[in-house]
Amino acid sequence: MIGVETDISEEWDGRIDWAALARRSVHAAVAASRYPGLADCEISVLFTSDEEARTLNRTWRGKDAPTNVLSFPMADLAEIADAPMLGDIVLAHGVCAREAAEKKVSIEAHAAHLVVHGALHLLGYDHEQGEDAAEEMESVERRALAAIGVADPYELNEVRS
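Caption draft 1: Examining the pairing of strand E4 (residues 85–92) more closely. The buried fraction of E4 is high, at six of eight residues. Bridge count between strand E3 (residues 69–73) and E4: five bridges; the pairing is antiparallel. Across the sheet, residue Phe72 finds its bridge partner in E4, namely Asp88.

Listed below in structure tokens is the structure:
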């Protein structure tokens, strides 16, 4: 089993079990990924403020703005199967809440999507490596989210002809 450590700042609604959401989302992402048998490792999920996400984004990516999700891998692709710590995922509350409202989905569903997305980055998926890589990552996200009862987030954005 993959350990999922969480740190939840006060901006995040205390009536929601964000730690359980993070565990479900990470486990679903791993199960749907190229590493379905992965165990004995850990992922950290930080539910934080826009300001802290902005600081991290500026420090590590040179972008002075908050972003919905950041992923900080701690294992090279060749080491994933044996790594004790895969990395950190950071979600910014304000950005997540605004995007959820714009998409007309619950903040829980959107946060689950962002955790899955972040976990897949820790597992080596990268939608910025071309259309095929983006489609592969979206397909894995769809399977993971379906497994935890979250609707396809991309269906809402696709134009049907």
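Caption draft 2: Structural context of helix H3 (residues 93–103). Looking at H3, one finds that the buried residues are His93, Gly94, Val95, Cys96, Glu99 and Ala100. Among the structural elements, strand E2 (42–48), helix H2 (50–61), E4 and helix H4 (107–122) are those in contact with the buried residues of H3. A positive phi of about 60° marks Lys104, the residue just after H3.

Caption draft 3: Representation of a negative patch on the surface. Negative charge collects at one region of the surface, where Asp7, Glu10, Glu11 and Glu52 lie side by side. Within the element layout of this structure, Glu10 appears in the loop between strand E1 (3–8) and helix H1 (18–32). Judged by its relative accessible area of 79%, Glu10 falls in the exposed class.

Caption draft 4: Representation of the nonpolar core in the model. One finds Val26, Val45, Phe47, Leu86, Ile89 and Leu91 to be the most contacted residues of the largest nonpolar core, which totals 42 residues. Elements that contribute at least two residues to this core include exactly H1, E2, E4, H3, H4 and helix H5 (131–147). Excluding residues within four positions of it along the chain, Phe47 makes contact with Thr6, Asp7, Ile8, Ser9, Trp12, Trp18, Leu21, Ala22, Leu91 and Val115.

Caption draft 5: Structural context of the sheet that holds E3. Spatial strand order, E1-E2-E4-E3: four strands in an open sheet with mixed pairing. The open sheet has two edge strands with one neighbour each: E1 and E3. Averaged over neighbouring strand pairs, the angle between their axes works out to 15° when direction is ignored. The strands touched by H1 within the sheet are E1 and E2, with E1 carrying the most contacts at an inclination of about 145°. Sitting on the sheet, H4 touches E2, E3 and E4, and the angle it makes with E4 is about 145°.

Caption draft 6: Inspection of the side chain of Ser33 at higher detail. Within the secondary structure, Ser33 sits in the loop between H1 and E2. Side-chain polar atoms of Ser33 contact the backbone oxygen of Val30, separated by 2.7 Å. For Ser33, the contacting residues outside a window of four places in its chain are Leu120, Leu123, Tyr125 and Val140.

Caption draft 7: Structural view of the environment of Ser33. On the accessibility criterion, Ser33 (9% relative accessible area) is buried. When the C-alpha positions of Ser33 and Pro66 are compared, they lie 27 Å apart, and in sequence the two are 33 residues distant.

Calculation notes
Per chain, residues are indexed from 1 in the order of the written sequence. Only residues with pLDDT of 70 or above have their local features reported here, since the model is predicted, and side-chain atom pairs are shown and tallied only from 80 upward, although totals for entire chains, interfaces and linings are computed over all residues. Each side-chain value is worked out from all heavy atoms of the structure, with water and hydrogens disregarded. Relative accessibility thresholds used throughout: buried, under 20% of the residue-type maximum; exposed, over 50%; partly exposed, between the two (1.4 Å probe, protein chains only). Working definition: helices are DSSP H or I runs of at least four residues, strands are E runs of at least two. Numbering for both runs from the N terminus. Strand pairing requires that DSSP identify at least two bridges connecting the strands. Only heavy atoms enter the contact rule, under which two residues are in contact if any of them lie within 4.5 Å. Residues qualify for a patch when their relative accessible area is over 30% and they have no salt bridge, like charges being joined within 9 Å and the nonpolar side chains of Val, Leu, Ile, Met, Phe, Trp and Tyr within 5 Å. Areas reported here follow the Shrake-Rupley algorithm with a probe of radius 1.4 Å; residue values treat only the protein chains shown as occluding. Note on definitions: salt bridges are taken to be side-chain nitrogens of Lys or Arg within 4 Å of carboxyl oxygens of Asp or Glu. When charges are counted, neither His nor the chain ends are considered; positive counts come from Lys and Arg and negative counts from Asp and Glu. By convention, the charge on Lys lies at NZ, on Arg at CZ, on Asp at CG and on Glu at CD. In this text, buried Ala, Val, Leu, Ile, Met, Phe, Trp, Tyr and Cys residues form a nonpolar core when linked through side-chain atoms within 4.5 Å. Note on geometry: axes are C-alpha line fits, over the in-contact stretch for helices, and angles between N-to-C directions span 0 to 180 degrees. Under the rule applied, a polar contact is a pair of N or O atoms within 3.5 Å (in protein, one hydrogen donor and one hydrogen acceptor; residues adjacent in sequence only if both atoms are side-chain atoms).

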